[in-house]
Amino acid sequence: MKLKLSRSATSTTQIQFITKEDAKGITDFCGESGETEVRYDKKSTMIYCGLGEKALCNAQVIRSASARGIRKAIELKRDGVSLVLPSQKLRVEGSEKAAVEGVLLGSYSFSKYKSEKPHAVKTVEITGDLSSPDLKKIETICGGVNYARDLVNSNASEITPEKLAQEASALSLSKRIKVTVLNEKKLKQQGLNLLYAVGQASPYPPRLIIMEYSGNPKSKQRTAIVGKGITFDSGGQNLKPTGHIETMRLDMAGAAAVLGTMKVLSELKPAVNVTGVIGAAHNAIGENSFFPGDVYKSYSGKTVEINSSDAEGRLLLADTVAYCHKNYKPDRLIDLATLTGGILLALGELVAGVFSNDDELADELFKSGEKSGERLWRFPLYKEYCDAMKGDLSDLRNLSKFKKGYASSITGAAFIKEFIGDVPWAHIDIAGTAFNEGQARGEIPQYGTGFGVRLLTEYLLK
Ligand code: BES
Ligand code: ZN
Ligand code: ZN
């Protein structure tokens, strides 16, 4: 899709935003948010996107309306449309950005495995108050989101740990990114035994991937973003049942968000320093699978009893964050992981859970969530939750001592906390938000959502 800026709308198909108040002049259209209406006359097609009450309108309402508008244009098989940006009098912060994001994110569809490709709108003419550099920035960020979506949606047999490493290596074409990959032999040699164990039964061996982006040599400050990259989660010996296993190619969505964000950094070249780290493994069942009940020594030295091979994300992250902490010494560390089904029960597919040992970091991330539309809600990490992860046979256990399923998202986070040291850290559980099993809603498409790229770029670039 090509975007161009224009002073006035010249296309015969136009996407227009209308509040409930302004819709009064249009017959049989109320302008409710969520409502989209098409009107034709001899020369033109108007796609009206309802914003609801003016007083309640915010950037999220506009983003979502705009996404519905562009999908309507696709349905009508238009090649070019004009997007009329919301007028100044609406007074919504970031309304222009949200409208353009809606178009770029809402027009996404994953058709790699379809014989018949869906219609694509080729050009969108944007009319309103937006500068060319701002437009470029929005396009780059949405490009990162759609890239992350493609990675999640593609077959697990294609997106292997080595493939994730190749994707990272492609970023090193940018002079500001240095990529290091530890293969399975190195992981074993260096004692990343938990990460190794999770990946050991697969014909696609595990990898640790490190991408160092240095955009500000004058600053010593560095943020690490860490992603869970389970390229398929069968559950291992604690095999997942039918009904739960089919979507488990999504389990590398944290890694996809990190790759998408690093890609955005490599293109925008902001003056920040960020280390992207991915622990990548295929949690397979097979003759070489790791055994539930066994105790492993982690990279940090702490020993862990494996109570379930399906709680593999925290094992992989334990070694990944400990390795990052020891060897790269970031000033703060944010991990993104499709860690628990429990977060879906708590927050559904709309909001991700955040867990942190640092109020300021949690606060800043919360604000970035509100601003980007990728929203977060914080959970507590009280001592009792951390105590529930202490082992009898070993230092730690990978399932809590609580009743099955109780506080599973919090105890999962409490486990990772044991490997963080004293660095300000936040864990974001994206098991609910990373994947949409239903139909598209607003800017969120069916299947992989790319959750995390907009949130992280908002946080890192602010
Ligand atoms: N990858 C899953 C979590 C998940 C579930 C992601 C549903 C997306 C949708 C994770 O590895 C897992 O299996 N978690 C278990 C943890 C439990 C054994 C403590 C879970 O949530 O059931
Ligand atoms: Zn699992
Ligand atoms: Zn998993």
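**Observations concerning the nonpolar core**
Generally speaking, soluble globular proteins have nonpolar side chains that are buried together.
Line of reasoning, step 1. The biggest cluster of nonpolar side chains holds 80 residues, and the ones touching the most others in it are Leu83, Val100, Met211 and Ile428.
Line of reasoning, step 2. Each of two domains, domain 1 (2-127) and domain 2 (154-461), supplies a minimum of three residues to this core.
Line of reasoning, step 3. Leave out the neighbours within four places in its chain, and Ile428 touches Ile334, Asp335, Leu336, Ala337, Ala352, Gly353, Val354, Leu365, Leu376 and Leu455.
Line of reasoning, step 4. Grouped together as the second largest cluster of nonpolar side chains are 48 residues, Tyr323, Leu339, Cys386 and Ala414 included.

**Some remarks on the sheet that holds strand S12 (residues 303-305)**
Line of reasoning, step 1. Read across the open sheet, the 3 strands follow the order S11-S12-S16; overall the sheet is mixed. Edge positions in the open sheet fall to strand S11 (295-297) and strand S16 (396-397), since each of these has one partner strand only.
Line of reasoning, step 2. Sheet analysis places S12 next to S16, joined by 2 bridges and oriented parallel. For Glu305, the partnering residue across the bridge sits in S16 and is Arg397.

**Details of unusual backbone geometry**
Line of reasoning, step 1. Located in the positive-phi region is Lys269, a residue other than glycine, with phi close to 50°.
Line of reasoning, step 2. Note on placement: Lys269 falls in the loop between helix H7 (253-268) and strand S10 (273-283).
Line of reasoning, step 3. The class for Lys269 is partly exposed, based on a relative accessible area of 44%.
Line of reasoning, step 4. For Lys329, which is not glycine, the phi torsion reads 40° and is therefore positive.

**Topic: the coordination of the zinc ion (ligand 3)**
Line of reasoning, step 1. Protein ligation of the zinc ion (ligand 3) involves Lys228 (NZ), Asp233 (OD), Asp251 (OD) and Glu312 (OE), the donor distances falling in the range 2.0 to 2.5 Å.
Line of reasoning, step 2. Coordination at the zinc ion (ligand 3) is octahedral: its 6 donor atoms span angles of 78 to 175° at the metal.
Line of reasoning, step 3. Here the zinc ion (ligand 3) and the zinc ion (ligand 2) are spaced 3.3 Å apart, and both take Asp233 as a donor. On the criterion of sequence distance, the pair formed by Asp251 in the loop between strand S9 (223-233) and H7 and Glu312 in the loop between S12 and helix H8 (313-328) is long-range, its members being 61 residues apart.

**Focus: the coordination of the zinc ion (ligand 2)**
Line of reasoning, step 1. Those donors, Asp233 (OD), Asp310 (O), Asp310 (OD) and Glu312 (OE), are the protein atoms that reach the zinc ion (ligand 2), and they lie 2.0 to 2.2 Å from it.
Line of reasoning, step 2. What the 6 donor atoms of the zinc ion (ligand 2) show is an angle range of 72 to 167° at the metal, which sorts the shape as irregular.
Line of reasoning, step 3. Each donor residue of the zinc ion (ligand 2) lies on one chain, and together they are spaced D-x76-D-x1-E.
Line of reasoning, step 4. We classify Glu312 as buried; its relative accessible area is 0%.

**Thoughts on the sheet that holds strand S2 (residues 13-18)**
Line of reasoning, step 1. Here 6 strands make up an open sheet; going across it, the order is S1-S6-S5-S2-S4-S3 and the pairing mixed. One side of each edge strand has no neighbouring strand; the edge strands of this open sheet are strand S1 (2-6) and strand S3 (36-40). Within the sheet, the average angular offset between the axes of one strand and its neighbour, ignoring direction, is 25°.
Line of reasoning, step 2. Of the strand pairs in this sheet, S2 and strand S5 (residues 80-84) are connected by 3 bridges, and their pairing is parallel. The residue of S5 that forms the bridge with Ile15 is Leu83.
Line of reasoning, step 3. Those strands touched by helix H1 (residues 59-75) are S2, S3, strand S4 (45-50), S5 and strand S6 (123-127), and its axis lies near 150° from that of S4.
Line of reasoning, step 4. The sheet contacts of helix H2 (residues 95-106) involve S1, S2, S5 and S6, and relative to S5 the element is tilted by about 155°.

**What about the site of ligand 1?**
Line of reasoning, step 1. The environment of ligand 1 is made up of 15 residues, and the closest members are Lys240, Asp251, Asp310, Glu312 and Gly341.
Line of reasoning, step 2. Between ligand 1 and Asp310 there is a distance of 2.8 Å, counted from an oxygen atom to a side-chain nitrogen or oxygen.
Line of reasoning, step 3. Between Thr338 and ligand 1, the recorded distance is 3.4 Å, taken from a backbone N or O atom to a nitrogen atom.
Line of reasoning, step 4. Coverage of ligand 1 by the protein chains reaches 80% of its 510 Å² of free accessible surface.
Line of reasoning, step 5. Among the residues making up the shell around ligand 1, the classes are represented as 5 nonpolar, 3 polar and 7 charged.

**Re the domain arrangement of the protein chain**
Line of reasoning, step 1. For the protein chain, the assigned domains read domain 1 (2-127) and domain 2 (154-461).
Line of reasoning, step 2. One C-alpha centre belongs to domain 1, the other to domain 2; they are set 35 Å apart.
Line of reasoning, step 3. Contacts between the two partners involve 15 residues from domain 1, matched on the other side by 13 residues from domain 2.
Line of reasoning, step 4. Interface of domain 1 and domain 2: buried area, both sides summed, is about 1000 Å²; carbon and sulfur atoms make up 45% of it.
Line of reasoning, step 5. Counting across the domain 1 and domain 2 interface gives 1 salt bridge.

Rules and cut-offs
- Residues numbered from 1 in each chain as written.
- Chains lettered and ligands numbered in written order.
- Predicted model: local features only at pLDDT ≥ 70, side-chain atom pairs only at ≥ 80, totals over all residues.
- Heavy atoms only, no water.
- Core = buried A, V, L, I, M, F, W, Y, C linked by side-chain atoms within 4.5 Å.
- Buried < 20%, exposed > 50% of the residue type's maximum accessible area, 1.4 Å probe, protein only.
- Domains from an automatic or database assignment.
- Contact = heavy atoms within 4.5 Å.
- Pairing = 2+ DSSP bridges.
- Helix = DSSP H or I, 4+ residues; strand = E, 2+ residues; numbered from the N terminus.
- Donors = N, O, S within 2.8 Å, 3.2 Å for Na, K, Ca; no water.
- Tetrahedral: all angles 85-135°; square planar, octahedral: opposite > 155°, others 65-115°.
- Axes fitted to C-alpha atoms, helices over the stretch in contact; angles between N-to-C directions.
- Near = heavy atom within 4 Å.
- Polar contact = N/O pair within 3.5 Å; in protein donor to acceptor, adjacent residues only side chain to side chain.
- Areas by Shrake-Rupley, 256 points an atom, 1.4 Å probe, with all protein chains shown as cover.
- Nonpolar A, V, L, I, M, F, W, Y, C, P; charged D, E, K, R; others polar.
- Buried area = accessible area lost by both parts, 1.4 Å probe.
- Salt bridge = Lys/Arg side-chain N within 4 Å of Asp/Glu carboxyl O.

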